[in-house]
Each structure stands twice: as C-alpha cells, then as structure tokens.
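# Coordinates in review
What follows is each chain in one-letter form.
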Amino acid sequence: MNAHLSPEEIVRREALQRLRGLGIDPFPAAEFVTNQSAQGSKDQYQEGLEVTLAGRIMNQRVMGKATFADLQDSSGKIQLYLNVDEICPGEDKTLYNDVIKHLVHFGDYIGITGKLFTTKMGEISVKVSHFQILAKSIKPLPVVKKDADGNIFDAFTDPESRYRMRYVDLVVNDHVKKTFYTRTKIVNAMRQFFNDHGYLEVDTPVLQNIPGGAAARPFITHHNALDIPMYLRIANELYLKRLIVGGFDGVYEFSRNFRNEGMDRTHNPEFTVMEIYVAFKDYNWMMTFTENMLGHVCHQALGTTEVQHGEKVLNFTPPFKRVTMTQSIIDFTGFDITGKTEKEIFEFCKSIGLEVNESMGKGKLIDEIFGAKCEKNYIQPTFITDYPVEMSPLCKRHRENPELTERFELMVNGKEIANAYSELNDPIDQLERFEEQMKLMERGDDEAMFIDHDFIRSLEYGMPPTSGMGIGVDRLVMLLTNNDTIQEVLFFPQMRPEKPVHGPDLSSFRNIGVMDEWVEHLPKAGFIDLDSLKNAKPTAIHQQLNGYRKKNKLEIPTIQLSDVESWVAAIN
RNA sequence: GAUCUCGUAGCUCAGCUGGUAGAGCAAUACACUUUUAAUGUAUGGGCCCUGGGUUCGAGUCCCAGCGGGAUCACCA
C-alpha cells in the first residue's frame, strides 16, 4: 500500500503511528496559549524572559544532544535551542531522542516554552524547556535555504505550483506573505480615508438582471425560481448612483467584478474595483480627492509616497500632473482632434498604422490613438482629462465643450489605475447615450452597453450633481508592491483546473486476490487496470510478471499460473 | 486566439550528434551539547507530463494532446 506516496510521505505517516504508540496525539485538540510571537520575542528581547510560542518548525540542525531549529509563525522566525537535559531533565530521554530527533519533521506545528537568550554567534534564541507537537505535517514542504548574506537557494519559484498551492507559497516565501499584508494595508487605508470623510461603505448586488455600468462580456447564470438569466456583475456603478439618488452624500464599495474575457498577467476573471460616488462634487474635486487619498494610502501602507517599482521610482506626492486627452494626443502625435470628423480621425489612425475598422465610432478611434501613442509615456501619476463624449456614456458633458466629457483617468507607469467622472445626471441625455450605445452594438461593437431602464427611472427622480471614481485595487496593489502580474497580488488567481491524476487503481487488484507484495508491481509491469488483465491471456500475464520479477531482481514470491487464472476468474 | 519556450527525484536543476537515469538540498541511519545554507560517513528514492510515430534501441528525434511561462492580439 501507499504506492502513490513518496518515500518522505511514508516516513511521516509512519511517524504518526510511532507518536501515537508513545501516547502522543499528533493532532491534539486543546487550545495552545501563547504569550508572544517570534518577532515580538526578538523586538522585546530580555535575557531570561520566558516565552511560549507556537508555529512551524522550519529547519532542524541536530547536533547530538543539542538541536537548533527555527520556529516560524505569522510574525516571522526565531531560533530554538533544544537541549536534551533541558527538555528531559529526568531519566526518560524519549521526548528528545525519539520525538525531536526523529519524529518531528520540517513543517510540523509545534508549541514551545523556554527562556530567551543570545547564542555565542549572537542570535536571539529560545532555550526550550517544554516542547509539544500541535499538528504533524505529512507532506514535505519545499525546502528553501538562505545564507548569511540573504542569498536564497532552491527557492520555490515555479509559478504554476505557487499559484495552485498558495498555502505552500505563503509558508516558504516570505516576500509573498508581505505582499498580501501590504494589500490589506492598502485597502484598510482607503477605507479609513473614506470613512474619515463620512462616506458610507455599502453592499450592492453581485447577481444582476442587467450587467450594466461597464462594457464587457459577463458571466451568465440562471435563477431557477424566477426562470430568468442572471449575470455576475461587471460593475456596480449604476447601483451606487441609485443610492446617491436615494440621498446619501457619499457611498463606496469594494466591488468584486467578473468579466468573461481573456486572462493574462493583468487580467483575472474576477477582480476588485473600489468605486466611490460623492454628491455635489465634480471631477475637479475628485482629482484632488484622489491624489490626496493615494498619498494617504502610500503613507499608511508603505511609509512613503516614493514607491520603487522595478527600475522606476513612482512619486505619489500630491498634486499630480493634469493633461487633457486632446493635448496628450497633440503632444505625442502632433495631431489635433479638435473639431475633426469621424472620417478624418479614421484616416489619421490608418496613416499611423493603427488597425481600425468600420465598427469603431469616433470615441473608440480616439481611444485607439491614445492607447497606442500616449498611454505608455505616463510613468509618474498623471490625470488625463476631458475624454470624447462617445467613449463615456455615463459621464456628464464638459461644461465648456459638448463634444467632450468631464472625465479623468489616472495613469501610472503607463497604465490606467483610476477612472472618474462628473456623473451624468440628466436622464434624457443618459437615455440618448444608451441608445447611441445600442447603435454601436448593432454596428458590431460587442463591448457597447445595455440599457438599464430602472437606472434611467432613478435619474428621472433626480440625482444631485455627483462625481464618481473607480480604482482598480489589484492594479494599484501591483504598483505599490512592485509586482508585474495580477496573479502575484491575488491569493488564488484563476487557473485551468488540474486534471485528476488517475493513478492505477491498486485496490481493485487486491480485490481480485493479487497478493500484497505484487499489487504495486502490476502497473509497472504493464497492467494498469483490471481490463488490461482481462484482455490478456493468463499464460502471457504469468510469464510477463515473472519476467518483470527477474529483471528487477524482486525478492518476492514467483507467480503461479493458477494464481493468474484465479484473478481472471475473479474479475468475471 | 497566434508564435516561441518549458515539463526529469519532495524542491532547484544537469543530462552532448539517440546507447544501462545524475547532482545539490530534503529524507533514512550513525556520530556530534551554541549550530545557523551546520558538518562527516553511509543508504534509499524516478509512469523522465500523456498518447502515437521513427529506430535494434527514445528522457533525447518527429506528430498530436494536456499543463505552465514569455511575447503579441484582445481587454470602453
């Protein structure tokens, strides 16, 4: 048995039994009360102070009657000094000689009590007096080693394994855990900033009848009782605006959105956007609010507004630069879109080698130019303002130019981080804009928006002038944690499901009377399952198995032809 | 979706123009009471991703598939 387990796993499972034989429960139920953490013990070091800690044992260095090991908890690591006389003061040295030296493995959860001291090499350690197993680990963790200079050896780096088994990644890769701590600090800092302004955190439907508020392919599901299609939200914007109609001054939500589109290093099917809507404000106010908020977030999460990202240092100290879209396109192409017809812009796009087609409206064409020629140039935080009206169906027209909208996007490191409007609150204009979107859809733009008539009705009741802003939380976290892929900032990024590894079914061999010594060898000798036995002649099986035995010099009994015949009989 | 590339021990990786599967760490055993990538000696551990093909012979070459990664396209 255990043929599918690695030798190390078998050793650890045997250790479970040996521990039980010694009267030690490898998975005790009782609470283990600690009074300190690994890092806390070092930060508040006091020679001789007794501490009780719990964590994983990470690296054992057995030196006869003394053993050094590292204990890792959520705060970090501290070295343990396990001395036979300290741990087993009496005659019975079992706990040290058997348990600690042989039955405790890398990765096991243990609890210890001991006194803090400093080794002669100068490392703060715990001289352990009480030692207890809290939970065995029966699968070996990858062993990552680090030398005195901090160089890492044999790091657990395979992205597939790391993403599929994030629990392992978090245990052995310190920097991964740090990324997720920072992620939470970022979210908390944003929440604190909004709460301090008196805005209300809300929840709105994830399951929607109309996938509104953005243009994207939704995930579709079905509600049985109502017998209607339902959609996982692609955005929450229209619901938050309904709440502004309802009379709140400011509402915000950290919204998990779902889009049924491609996956790559910057896209995951589910992702998080923070959206905030504030009544009686416009997009100019929102720009100032946004830069102050990001400054606050950087301070809280990183302690600085100067953020290292790859080779670059991104400076989030407000205020940020502000550039209109029209000016940006002039800056990087020399072409002025002001007053140009769709045809003229279309021709310009073709002249600079962009792939454009008839389905694209004016707004989309302009967006193509910006995306290809301008976007990548904005490394430091920059607000791009005043987008063309066709690109922004939910945004109020610019107070000075009806072809433009009061919209900004925040570009950092060449990518969009935030998007904000003076929200369109004219219900008649809004309906017309939705109808424009329907026309785009008919032209073949599969990203155009659906019409949400209930949302229009809410606007008809009156929405105050409002500014709204959305910020891609995952992308922001990537920027602030120096990561290039969204998978690194999501605990469990979407992956293709693992195909089940269907190893040979050994128990079925046992059921037809194959002796235990032989069961594990049948697949290796070419008999994967019962069918493979059924489809072969007993004489052939007999010869093949004994040939295998001879070739591999197996010290197990030879097979008799009568054995094989009885197996085959048992199958039928 | 396209192109390139990778898949070998628990982990990190070698494996040449095809010829009996390798290293370090981890594991097991022994020694060692202040080590820290502990050390020394010994031992065990492989469906070489899967399925076809070429060949006397395939980890290696060819085809297909599965799963990663990178680049590109797509993603208001």
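Quick note: structure is the one above.
First, a word on what this report is: a plain description of the structure on this page. (Residues numbered from 1 in each chain as written. Chains lettered and ligands numbered in written order. Predicted model: local features only at pLDDT ≥ 70, side-chain atom pairs only at ≥ 80, totals over all residues. Heavy atoms only, no water.)

## Points about the overall build of chain A
Helix and strand content of chain A: 21 helices and 20 strands. Counting the 572 residues in chain A, one finds 47% classified as buried. A total of about 29100 Å² of accessible surface is found on chain A, and carbon and sulfur atoms cover 51% of it. (Helix = DSSP H or I, 4+ residues; strand = E, 2+ residues; numbered from the N terminus. Buried < 20%, exposed > 50% of the residue type's maximum accessible area, 1.4 Å probe, protein only. Areas by Shrake-Rupley, 256 points an atom, 1.4 Å probe, with all protein chains shown as cover.)

## Regarding the pairing of strand β13 (residues 270-279)
The element β13 is extensively covered by neighbouring structure, given that nine of its ten residues are classed as buried. Two elements, strand β12 (residues 250-258) and β13, share nine bridges in a ladder whose sense is antiparallel. In the sheet register, Phe-258 faces β13, and the bridge partner there is Glu-270. Sheet topology places β13 next to strand β20 (residues 466-472); seven bridges connect them, and they run antiparallel. Bridging from a neighbouring strand, Ile-276 pairs with Met-469 of β20. (Pairing = 2+ DSSP bridges.)

## Concerning the nonpolar core
One finds Met-190, Met-274, Ile-276, Phe-316, Met-469 and Ile-471 to be the most contacted residues of the largest nonpolar core, which totals 43 residues. Where this core is concerned, the elements lending two or more residues are α7 (174-196), β12, β13, α9 (283-302), β18 (407-412), β19 (415-422), β20 and α15 (473-480). Looking at this core, the element that brings in the most residues is α9, giving nine residues. Excluding its chain neighbours within four sequence positions, the residues that come into contact with Met-469 are Met-274, Glu-275, Ile-276, Met-286, Thr-290, Met-293, Phe-408, Ala-418, Asn-419 and Ala-420. Formed by 27 residues, the second largest nonpolar core is a distinct cluster that contains Ile-100, Ile-110, Ile-112 and Val-128. (Core = buried A, V, L, I, M, F, W, Y, C linked by side-chain atoms within 4.5 Å. Contact = heavy atoms within 4.5 Å.)

## Overview of the environment of Gly-472
If you trace the backbone, Gly-472 turns up in strand β20. Judged by relative accessible area, Gly-472 falls into the buried class, the value being 18%. With residues up to four places along the chain from it excluded, the contact list for Gly-472 reads Thr-272 and Ile-417.

## Comments concerning the layout of surface pockets
For the second largest pocket, the calculated volume is near 750 Å³. As for the second largest pocket, its lining consists of 32 residues, and the residues nearest its centre are Gln-72, Lys-77, Val-144, Lys-146 and Asp-174. Sorting the residues of the lining of the second largest pocket by element identifies β1 (50-63), β2 (66-73), β3 (76-83), β6 (145-146), α6 (166-172) and α7 as the ones contributing at least two each. Of the residues that constitute the lining of the second largest pocket, the class distribution is twelve nonpolar, nine polar and eleven charged. (1 Å grid on protein atoms, 1.4 Å probe; cavity = no way out; pocket = protein on both sides within 12 Å on 5 of 7 lines; lining within 4 Å. Points joined across faces, edges and corners; volume = space filled by probe spheres on them. Nonpolar A, V, L, I, M, F, W, Y, C, P; charged D, E, K, R; others polar.)

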